[in-house]
Amino acid sequence: RSTPLYSSAASDVYKRQDYERDGFTPFSNELEGVRNVLRGLDEAGLTATNSSRRGPTRKLVDFGFSSCSHNPAGGAKVAFRPLDDTLMGGLSSSSAFYAGDCLCWTGEVKFEGGGFCGIRSEDLAERTRAMKDAETYDGIELRVQGDGQTYKIGVRTEDLRERPGCSFQASFVAPEGVDFATVRIPFEDFVFVDQTRCVPDPPPLLASKIISLGFVLSRYSYNRSTNTNCRPGKFLFRASGAIMLYR
(Lines give C-alpha, C1' and ligand atoms only; values in the text may rest on other atoms or scores of the structure.)
Protein backbone atom coordinates (compact mmCIF):
# COMPACT_ATOMS: atom_id res chain seq x y z
CA ARG A 1 0.00 0.00 0.00
CA SER A 2 1.43 3.31 -1.05
CA THR A 3 1.07 6.16 1.40
CA PRO A 4 0.93 9.76 0.19
CA LEU A 5 3.64 11.90 1.72
CA TYR A 6 1.08 14.50 2.59
CA SER A 7 -2.70 14.21 2.74
CA SER A 8 -5.30 16.72 3.79
CA ALA A 9 -8.64 15.63 5.21
CA ALA A 10 -10.07 19.11 4.96
CA SER A 11 -10.68 21.28 1.94
CA ASP A 12 -10.93 25.01 1.52
CA VAL A 13 -14.71 24.78 1.61
CA TYR A 14 -14.74 23.18 5.05
CA LYS A 15 -16.42 25.29 7.65
CA ARG A 16 -15.68 25.33 11.37
CA GLN A 17 -18.63 23.06 12.19
CA ASP A 18 -17.48 20.57 9.57
CA TYR A 19 -14.08 20.28 11.33
CA GLU A 20 -15.76 19.70 14.66
CA ARG A 21 -18.29 17.24 13.25
CA ASP A 22 -15.62 15.08 11.56
CA GLY A 23 -13.20 15.23 14.47
CA PHE A 24 -10.66 17.47 12.76
CA THR A 25 -9.06 20.69 13.85
CA PRO A 26 -6.52 22.71 11.85
CA PHE A 27 -3.82 21.46 14.22
CA SER A 28 -4.79 17.80 14.06
CA ASN A 29 -5.03 17.99 10.28
CA GLU A 30 -1.50 19.37 9.99
CA LEU A 31 -0.27 16.78 12.47
CA GLU A 32 -1.72 14.01 10.34
CA GLY A 33 0.09 15.47 7.36
CA VAL A 34 3.41 15.36 9.23
CA ARG A 35 2.73 11.77 10.26
CA ASN A 36 2.14 10.86 6.62
CA VAL A 37 5.44 12.47 5.65
CA LEU A 38 7.31 10.45 8.28
CA ARG A 39 5.44 7.28 7.31
CA GLY A 40 6.41 7.75 3.69
CA LEU A 41 10.05 8.35 4.56
CA ASP A 42 10.03 5.26 6.76
CA GLU A 43 8.63 3.11 3.96
CA ALA A 44 11.30 4.49 1.66
CA GLY A 45 13.98 3.50 4.19
CA LEU A 46 15.13 7.06 4.78
CA THR A 47 14.55 7.39 8.51
CA ALA A 48 17.18 6.79 11.19
CA THR A 49 15.66 3.45 12.17
CA ASN A 50 15.81 2.08 8.63
CA SER A 51 18.92 3.78 7.29
CA SER A 52 21.99 1.57 6.87
CA ARG A 53 24.11 4.64 7.52
CA ARG A 54 22.71 5.36 10.96
CA GLY A 55 21.35 2.51 13.04
CA PRO A 56 19.89 2.40 16.54
CA THR A 57 21.81 3.77 19.50
CA ARG A 58 21.82 3.03 23.21
CA LYS A 59 23.13 5.11 26.08
CA LEU A 60 26.28 3.81 27.70
CA VAL A 61 26.95 6.83 29.93
CA ASP A 62 24.07 9.27 30.37
CA PHE A 63 25.06 12.86 31.16
CA GLY A 64 21.50 13.61 32.29
CA PHE A 65 19.47 12.38 35.26
CA SER A 66 17.35 9.73 33.56
CA SER A 67 16.72 6.77 35.84
CA CYS A 68 14.17 4.85 33.76
CA SER A 69 14.23 1.10 34.26
CA HIS A 70 14.98 0.54 30.55
CA ASN A 71 17.97 2.88 30.67
CA PRO A 72 20.82 1.21 32.58
CA ALA A 73 22.99 4.25 31.85
CA GLY A 74 20.62 6.41 33.88
CA GLY A 75 20.56 7.41 37.51
CA ALA A 76 23.21 9.58 39.13
CA LYS A 77 25.68 11.24 36.80
CA VAL A 78 28.92 9.35 36.27
CA ALA A 79 31.94 10.92 37.94
CA PHE A 80 35.13 11.56 35.95
CA ARG A 81 38.49 12.05 37.67
CA PRO A 82 41.63 13.63 36.20
CA LEU A 83 44.60 11.54 35.06
CA ASP A 84 47.08 14.26 34.12
CA ASP A 85 50.84 14.10 33.61
CA THR A 86 51.36 15.28 37.21
CA LEU A 87 51.25 11.54 37.98
CA MET A 88 54.68 11.34 36.37
CA GLY A 89 56.08 14.70 37.39
CA GLY A 90 54.51 16.85 34.67
CA LEU A 91 52.88 20.26 34.98
CA SER A 92 49.61 19.82 33.07
CA SER A 93 46.29 19.93 34.91
CA SER A 94 42.60 19.54 34.14
CA SER A 95 39.16 19.07 35.69
CA ALA A 96 35.79 17.79 34.52
CA PHE A 97 32.33 19.00 35.50
CA TYR A 98 28.75 18.94 34.29
CA ALA A 99 26.81 21.86 32.84
CA GLY A 100 23.27 20.68 32.21
CA ASP A 101 23.52 17.54 30.09
CA CYS A 102 27.05 18.34 28.91
CA LEU A 103 30.28 16.87 30.22
CA CYS A 104 32.80 19.71 30.22
CA TRP A 105 36.53 19.08 30.47
CA THR A 106 38.97 21.94 30.65
CA GLY A 107 42.58 22.46 31.63
CA GLU A 108 46.04 23.36 30.42
CA VAL A 109 48.52 21.11 28.64
CA LYS A 110 52.18 21.86 29.26
CA PHE A 111 54.69 20.04 27.10
CA GLU A 112 57.47 20.36 29.67
CA GLY A 113 57.69 17.20 31.75
CA GLY A 114 54.83 15.25 30.19
CA GLY A 115 52.46 16.88 27.78
CA PHE A 116 49.08 15.32 28.41
CA CYS A 117 45.80 15.65 30.28
CA GLY A 118 43.25 12.94 30.79
CA ILE A 119 40.04 12.01 32.58
CA ARG A 120 38.57 8.61 33.36
CA SER A 121 35.11 7.60 34.51
CA GLU A 122 34.18 5.74 37.64
CA ASP A 123 33.64 1.99 37.36
CA LEU A 124 30.89 1.17 34.85
CA ALA A 125 30.87 -2.62 35.18
CA GLU A 126 27.47 -2.79 36.86
CA ARG A 127 25.93 -0.64 34.12
CA THR A 128 27.41 -2.52 31.17
CA ARG A 129 26.54 -5.93 32.61
CA ALA A 130 22.90 -4.81 32.66
CA MET A 131 22.94 -4.37 28.88
CA LYS A 132 21.78 -7.76 27.64
CA ASP A 133 22.24 -6.82 23.97
CA ALA A 134 25.58 -5.02 24.32
CA GLU A 135 27.38 -7.38 21.94
CA THR A 136 25.11 -6.40 19.05
CA TYR A 137 26.58 -2.90 18.85
CA ASP A 138 29.37 -1.88 16.51
CA GLY A 139 31.01 1.11 18.18
CA ILE A 140 30.78 4.30 20.21
CA GLU A 141 29.00 7.51 19.28
CA LEU A 142 29.67 10.96 20.75
CA ARG A 143 28.40 14.47 20.21
CA VAL A 144 31.39 16.71 20.79
CA GLN A 145 32.52 20.30 20.60
CA GLY A 146 36.03 21.55 21.21
CA ASP A 147 38.89 23.59 19.88
CA GLY A 148 39.84 21.71 16.73
CA GLN A 149 42.47 19.54 18.43
CA THR A 150 42.82 15.77 18.14
CA TYR A 151 41.69 13.94 21.26
CA LYS A 152 41.56 10.27 22.16
CA ILE A 153 38.79 8.27 23.74
CA GLY A 154 40.01 5.49 26.01
CA VAL A 155 38.12 2.31 26.91
CA ARG A 156 39.08 -0.17 29.60
CA THR A 157 37.54 -3.64 30.00
CA GLU A 158 37.36 -6.35 32.64
CA ASP A 159 40.38 -8.08 31.09
CA LEU A 160 42.52 -5.04 31.93
CA ARG A 161 41.81 -4.67 35.66
CA GLU A 162 45.27 -5.98 36.51
CA ARG A 163 46.91 -3.95 33.74
CA PRO A 164 46.39 -0.31 34.83
CA GLY A 165 48.43 1.24 32.01
CA CYS A 166 46.54 -0.56 29.24
CA SER A 167 43.46 0.56 27.35
CA PHE A 168 41.83 0.64 23.95
CA GLN A 169 42.16 4.06 22.33
CA ALA A 170 40.92 5.82 19.22
CA SER A 171 41.57 9.34 17.97
CA PHE A 172 39.05 11.95 16.82
CA VAL A 173 38.91 15.69 16.22
CA ALA A 174 36.69 17.83 18.45
CA PRO A 175 35.69 20.58 16.00
CA GLU A 176 35.63 24.19 17.02
CA GLY A 177 32.34 26.01 16.56
CA VAL A 178 28.87 26.62 17.92
CA ASP A 179 27.31 23.27 17.00
CA PHE A 180 28.12 19.83 18.36
CA ALA A 181 29.42 17.30 15.86
CA THR A 182 28.53 13.61 15.90
CA VAL A 183 31.54 11.29 15.97
CA ARG A 184 31.19 7.54 15.41
CA ILE A 185 34.11 5.25 16.16
CA PRO A 186 33.82 1.53 15.26
CA PHE A 187 35.25 -0.85 17.84
CA GLU A 188 37.53 -2.23 15.12
CA ASP A 189 39.26 1.17 14.88
CA PHE A 190 40.42 1.12 18.51
CA VAL A 191 44.11 0.49 19.16
CA PHE A 192 45.30 -1.54 22.15
CA VAL A 193 48.00 0.41 23.98
CA ASP A 194 50.13 0.40 27.10
CA GLN A 195 50.42 4.13 27.80
CA THR A 196 51.07 5.23 24.18
CA ARG A 197 52.85 2.06 23.01
CA CYS A 198 50.83 -0.25 20.77
CA VAL A 199 50.64 -3.79 22.13
CA PRO A 200 50.06 -6.90 19.96
CA ASP A 201 47.55 -9.67 20.64
CA PRO A 202 44.93 -7.60 22.49
CA PRO A 203 42.02 -9.16 24.34
CA PRO A 204 38.64 -8.70 22.62
CA LEU A 205 36.96 -5.31 23.00
CA LEU A 206 33.44 -6.24 24.10
CA ALA A 207 30.86 -3.64 25.09
CA SER A 208 29.54 -5.89 27.86
CA LYS A 209 33.00 -5.88 29.50
CA ILE A 210 33.61 -2.12 29.52
CA ILE A 211 34.54 -0.92 33.01
CA SER A 212 35.56 2.68 32.29
CA LEU A 213 35.70 5.36 29.63
CA GLY A 214 37.84 8.46 29.38
CA PHE A 215 39.42 11.10 27.20
CA VAL A 216 43.03 12.16 26.59
CA LEU A 217 44.63 15.22 25.04
CA SER A 218 48.31 14.44 24.48
CA ARG A 219 51.29 15.71 22.53
CA TYR A 220 51.87 12.06 21.61
CA SER A 221 49.85 9.89 19.28
CA TYR A 222 50.80 6.18 19.31
CA ASN A 223 54.24 4.60 19.75
CA ARG A 224 55.53 7.99 20.90
CA SER A 225 54.86 9.60 17.53
CA THR A 226 53.87 13.27 17.76
CA ASN A 227 50.28 14.41 17.73
CA THR A 228 50.71 17.33 15.36
CA ASN A 229 47.19 18.54 16.17
CA CYS A 230 47.85 19.13 19.87
CA ARG A 231 49.16 22.44 21.11
CA PRO A 232 50.34 23.59 24.52
CA GLY A 233 48.03 25.84 26.48
CA LYS A 234 44.45 25.91 27.68
CA PHE A 235 41.75 23.72 26.17
CA LEU A 236 38.00 23.14 26.46
CA PHE A 237 36.23 19.95 25.41
CA ARG A 238 32.51 19.24 25.72
CA ALA A 239 30.43 16.12 25.11
CA SER A 240 26.67 16.45 24.93
CA GLY A 241 23.88 14.16 26.06
CA ALA A 242 25.51 10.78 26.45
CA ILE A 243 28.21 8.39 25.33
CA MET A 244 26.30 5.99 23.09
CA LEU A 245 26.64 2.55 21.62
CA TYR A 246 25.53 2.28 17.99
CA ARG A 247 24.93 -0.40 15.42
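See above for the structure.
This structure is a prediction, so every number in the text was calculated from the model and none was measured.

Colleague: So what's going on with unusual backbone geometry? Residues and values would help.
Modeller: With a phi angle near 55°, D201 is a residue other than glycine that sits in the positive phi range. With respect to the helices and strands, D201 occurs in the loop between β11 (197-198) and β12 (210-218). Overall, D201 belongs to the exposed group, its relative accessible area being 72%.

Colleague: Could you give me a rundown of the sheet that holds strand β5 (residues 116-121), with the residues and numbers involved?
Modeller: Pairing within the open sheet is antiparallel, and its seven strands lie in the order β2-β5-β12-β7-β8-β10-β11. Each of the sheet's edge strands pairs with one partner strand only, and the pair in question is β2 (80-82) and β11. The sheet contact formed by strand β7 (residues 150-157) and strand β8 (residues 166-173) spans six bridges and is antiparallel. Residue pairing in the sheet places I153 in a bridge with A170 of β8.

Colleague: Can you lay out the layout of surface pockets for me, pointing to particular residues and giving the numbers?
Modeller: The volume enclosed by the largest pocket comes to roughly 600 Å³. Contributions of two or more residues to the lining of the largest pocket are made by β5, β7, β8 and β12. Sorting elements by how many residues they give to the lining of the largest pocket places β12 first, with six residues. Split into classes, the residues belonging to the lining of the largest pocket amount to twelve nonpolar, twelve polar and four charged.

Colleague: Before we move on, can you summarise the pattern of salt bridges with the specific residues and values?
Modeller: Counted by the stated rule, this structure contains nine salt bridges. Note that R184 and E141 form a salt bridge whose closest N and O atoms lie 2.5 Å from each other. One end of the pair, R184, is in strand β9 (residues 181-186); the other, E141, is in strand β6 (residues 139-145), and 43 residues separate them in sequence. In this structure, E158 engages R161 in a salt bridge whose closest nitrogen and oxygen atoms are separated by 2.8 Å. Residues participating in the shared-partner salt-bridge network are D123, R129, E158 and R161.

Colleague: Which residues make up the side chain of K152, and what values go with them?
Modeller: Within the element layout of this structure, K152 appears in strand β7. Buried charge without a partner: K152 forms no salt bridge, and the closest opposite charge is D194, 12 Å away. There is a polar contact of 2.6 Å between the side chain of K152 and the backbone oxygen of S221. Apart from the residues within four sequence positions on either side, K152 is in contact with Q169, A170, S171, F172, T196, G214, F215, V216, Y220, S221 and Y222.

Colleague: An account of the environment of V199 is needed here, citing residue identities and associated values.
Modeller: Position of V199 relative to the elements: it lies in the loop between β11 and β12. Once residues lying within four places of it in the same chain are set aside, the contact partners of V199 are R163, F192, V193 and D194.

Thresholds, definitions, all that
- Every chain's residues receive numbers from 1 upward, in the order its sequence appears when written.
- In keeping with the model being predicted, local features are shown solely for residues with a pLDDT of at least 70 and side-chain atom pairs are shown and tallied solely at 80 or more, while totals for entire chains, interfaces and linings include all residues.
- Side-chain descriptors were evaluated using all non-hydrogen atoms of the structure, hydrogens and water having been removed beforehand.
- For helices the rule is a DSSP run of H or I covering at least 4 residues; for strands it is a run of E covering at least 2, with both sets numbered from the N terminus onward.
- Burial classes follow relative accessibility: with a 1.4 Å probe on protein chains only, a residue under 20% of its type's maximum area counts as buried, one over 50% as exposed, and anything between as partly exposed.
- Two strands make a pair as long as DSSP finds a minimum of two bridges between them.
- The way it works is a 1 Å grid over only the protein atoms, where trapped points that fit a 1.4 Å probe form a cavity and open points with protein on both sides within 12 Å along at least five of seven lines form a pocket, and then any residue with an atom within 4 Å of a point lines it.
- Grid points are joined across faces, edges and corners, and a volume is the space filled by probe spheres set on the points.
- Here the term charged refers only to Asp, Glu, Lys and Arg, the term nonpolar to Ala, Val, Leu, Ile, Met, Phe, Trp, Tyr, Cys and Pro, and the term polar to all other amino acids, Gly among them.
- Salt bridges are defined as contacts in which a side-chain nitrogen from Lys or Arg sits within 4 Å of a carboxyl oxygen from Asp or Glu.
- Here Asp and Glu are counted as negative and Lys and Arg as positive; His is not counted, and neither are the chain ends.
- Pairing of N or O atoms within 3.5 Å defines a polar contact, subject to two protein rules: one partner must be a possible hydrogen donor and the other a possible acceptor, and residues neighboring in sequence count only if both atoms are side-chain atoms.
- We call two residues in contact whenever any of their non-hydrogen atoms come within 4.5 Å of each other.

Geometric values such as these leave the question of function open.
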